[in-house]
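What follows is each chain in one-letter form.
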Amino acid sequence: MRPRTARLAAVLALAALPVLAGCAGQGGLVSDGPAEVAEGPVRLWPELPPASDPPVDYGETDTERVPGITVRGADVRTVDPVAVVRAEVAAHPDTYTGADGLYEETSRAVLACGTAPAKCPVLPPYYRDLTGNGREELIVGIRLPEQQVAVRVYLAEDGGLTRVMSTVEQVVGVELAGRDLIVRAVSAGIPGYEYRTAWSWDERQHSMLPARDEIVPVRGGGASDPPRTAPGTPRPSPPVSPEAASRGSGAAS
């Protein structure tokens with residue numbers, strides 16, 4: 001059978017030659033000219049010694065078990081998001097900066113959500129599988145003064161709840177794209193632009209990391225300009241997120 005198959009293949013190949021030749025003479029593939037030479041990355045200042053001290057730790061990988069919260073069947077929808085934030089406030093009553101930080105008045109409003117629900121700063125929750133484990137995570141937003149929002153993500157594991165992301169921004173919008181959580185924030189000092197940070201799950205760190213951070217122009221301009229505050233209005237010291245801290249220090253994204 002092999003010789004017959006080989007002969008048949010040869011005949012078919014020869015029969016195809018005139019057809020191919022005809023195509024080449026009737027508007028076949030035409031060269032667009034020489035291709036551009038790809039330029040690889042060029043290392044600048046190769047004589048610089050490697051850094052001896054680690055960079056400042058802004059706490060991007062900090063995770064924390066929420067005390068006193070039980071998750072039935074690893075289903076975050078069984079958890080009251082207000083109770084989750086209230087448990088964190090109770091565990092860190094005097095913390096006003098960093099991953100656990102909230103304004104003092106916001107902390108008081110969270111603790112009073114049961115008696116003053118209209119003033120409760122905890123926003124309606126969202127649910128999305130951000131880790132790829134096949135289960136939903138809990139996404140919580142907390143309103144802060146001056147149009148700031150604290151965004152936190154919680155993972156159900158070992159019968160409880162672990163916070164795997166926390167950031168505070170003067171939010172323009174928050175979006176979900178696949179398994180990324182994208183925070184759009186005001187670009188202070190650059191009118192007509194905004195920061196966009198895509199937070200993605202990192203299995204090695206077991207937390208959500210700001211994997212992509214960019215400054216982009218806003219269509220129409222001015223949409224993400226900081227809100228104006230009346231002269232003389234006192235401003236409380238805001239919670240500081242890792243991203244805001246790195247931008248303020250001039251660190252590159």
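Computed from a predicted model, the values in this text were never measured in an experiment.

**Student:** I'd like a description of the environment of E214, backed by residues and values.
**Tutor:** Locating E214 in the fold gives a position in strand β8 (residues 207-217). On the accessibility criterion, E214 (44% relative accessible area) is partly exposed. The spatial distance from the C-alpha of E214 to the C-alpha of R196 is 5.4 Å, given a sequence separation of 18 residues. Ignoring sequence-local partners within four residues, the contact set of E214 consists of E194, Y195 and R196.

**Student:** Please set out the state of the cysteines residue by residue, giving values where relevant.
**Tutor:** Throughout the structure, instances matching the rule amount to one disulfide. Paired by a disulfide, C113 and C120 hold their sulfur atoms 2.0 Å apart. The chirality of the disulfide connecting C113 with C120 is right-handed, given an S-S dihedral of about 80°. The same class applies to C113 as to C120, namely buried.

**Student:** Could you give an account of helix α2 (residues 81-91), with specific residues and numbers?
**Tutor:** Here α2 has its buried residues at P81, V82, V84, V85, A87, E88 and V89. The inward-facing, buried residues of α2 abut α3 (104-111), β3 (137-143), β4 (148-157) and β5 (160-177). One side-chain oxygen at the N-terminal end of α2 lies 3.1 Å from the backbone nitrogen of V82; it belongs to D80.

**Student:** Could you give me a rundown of the side chain of E88, with the residues and numbers involved?
**Tutor:** Mapping E88 onto the fold places it in helix α2. Within the structure, E88 has its side chain in polar contact with the side chain of R152 (distance 2.7 Å). Among residues more than four places away in sequence, those in contact with E88 are V66, R152, Y154 and R163.

**Student:** Please set out the nonpolar core residue by residue, giving values where relevant.
**Tutor:** Ranked by size, the top nonpolar core spans 26 residues in total, and within it I69, V84, V85, L138, Y154 and L161 carry the most contacts. Those elements that place two or more of their residues in this core are α2, β3, β4 and β5. Among the elements that line this core, the one with the most residues is α2, at five residues. The contacts of Y154, once residues within four sequence positions are left out, are V66, V76, V84, V85, E88, E137, L138, V140, L161, T162 and R163. Counting residues in each nonpolar core, the second largest holds 14 residues, with V164, W199, W201 and M208 among its members.

**Student:** Tell me about the pairing of β8, residues and numbers included.
**Tutor:** Pairing geometry for strand β7 (residues 193-202) and β8, over 10 bridges, is antiparallel. For W201, the partnering residue across the bridge sits in β8 and is M208. In sequence, β7 turns back onto β8 through a hairpin of four residues, with H206 there showing a positive phi of about 55°.

Reading the values: rules and limits
- Residues numbered from 1 in each chain as written.
- Predicted model: local features only at pLDDT ≥ 70, side-chain atom pairs only at ≥ 80, totals over all residues.
- Heavy atoms only, no water.
- Helix = DSSP H or I, 4+ residues; strand = E, 2+ residues; numbered from the N terminus.
- Buried < 20%, exposed > 50% of the residue type's maximum accessible area, 1.4 Å probe, protein only.
- Contact = heavy atoms within 4.5 Å.
- Disulfide = S-S within 2.5 Å.
- Polar contact = N/O pair within 3.5 Å; in protein donor to acceptor, adjacent residues only side chain to side chain.
- Core = buried A, V, L, I, M, F, W, Y, C linked by side-chain atoms within 4.5 Å.
- Pairing = 2+ DSSP bridges.

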